[in-house]
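Examining the three-dimensional arrangement
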Amino acid sequence: MSSLLNRFGKVVCCEVIRDRTSGESLQYAFVEFENQAACEQAYFKMDNVLIDDRRIHVDFSQSVSKYKWKGKGRLEVYDEEKKGKEPLNTCLMIMKRTC
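My aim in this report is to walk through the structure given alongside it, one point at a time. Please read all numbers here as calculations on a predicted model, not as lab measurements.

What to know about the environment of S3
Positionally, S3 belongs in helix α1 (residues 2-5). Sequence spacing of S3 and C14 is eleven residues, and the spatial spacing of their C-alpha atoms is 9.8 Å.

Structure (structure tokens):
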């Protein structure tokens, strides 16, 4: 997946979501780009593209893996170096449509 999206910009991470018990793919993934421009370009160019005989749907997703829930509406950033420096839209969610 990341090799397909590298043409838009540097992919920081690509996580395919899998079933906990079987380990099979649940047909969606989260892809994080280094910058917002690459993320937006991938969003506009890859939505509704045919991959492995299925059309994919691409949408923006806020990366929540970098946050830890502190309770009562408070979030804490895991990586203090990046706190406040990261653009909001650098993460995409990609789903394979089943129909």
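Having seen it, we continue.
A look at the packing of aromatic side chains
Applying the stated criterion to the full structure yields three aromatic pairs. Considering the side-chain rings of Y28 and F30, the 5.9 Å spacing of their centres and the 80° angle between planes classify their relative orientation as edge-to-face. By relative accessible area, which is 25% here, F30 ends up partly exposed. Through a chain of ring-to-ring contacts, the aromatic side chains of Y43, F44 and F60 assemble into a single cluster.

Some words on the state of the cysteines
Applying the stated criterion across every chain, the model contains zero disulfides. Its sulfur unpaired, C14 is 7.6 Å from the next cysteine sulfur, which belongs to C13. Take C14: its relative accessible area is 30%, and that puts it in the partly exposed class.

Let's talk about the sheet that holds strand β7 (residues 91-96)
If you trace the five strands from one edge of the open sheet to the other, you get β1-β2-β7-β4-β3, paired in antiparallel fashion. Of all strands in the sheet, those with a lone pairing partner are β1 (11-18) and β3 (50-51), marking the two edges. Summarising the sheet, strand β4 (residues 54-60) and β7 pair through five bridges and their orientation is antiparallel. Its bridge partner lying in β7, F60 is registered against L92.

A short note on the pairing of β7
By the bridge criterion, five bridges tie strand β2 (residues 25-33) to β7 in an arrangement that is antiparallel. Pairing of A29 across the sheet is with I94, part of β7.

Here we look at unusual backbone geometry
Positive phi values are uncommon outside glycine, yet D52 reaches one of about 50°. Phi at D53 takes a positive value of approximately 65°, unusual for a residue other than glycine.

What counts, and where the lines are drawn
Along each chain, residues carry numbers from 1 onward, in the same order as the chain's sequence is written. Since the coordinates come from a predicted model, pLDDT governs what is reported: local features require at least 70, and pairs of side-chain atoms require 80 or more to be given and counted, while whole-chain, interface and lining totals use all residues. Note: side-chain values were computed over all heavy atoms of the structure, leaving out hydrogens and water. Labels follow the DSSP assignment, with helices taken as runs of H or I lasting at least four residues and strands as runs of E lasting at least two, numbered in each case from the N terminus. We call Phe, Tyr and Trp rings a pair once their centres come within 6.5 Å, taking the six-membered ring for Trp, and we label the pair stacked below 30 degrees between planes, edge-to-face above 60, and tilted otherwise. Only protein chains enter the accessibility calculation, which uses a 1.4 Å probe; a residue whose area is less than 20% of its type maximum is buried, one above 50% is exposed, and one in between is partly exposed. Disulfide assignment relies on a single distance test, namely cysteine sulfur atoms paired within 2.5 Å. Pairing between two strands requires that DSSP report at least two bridges joining them.

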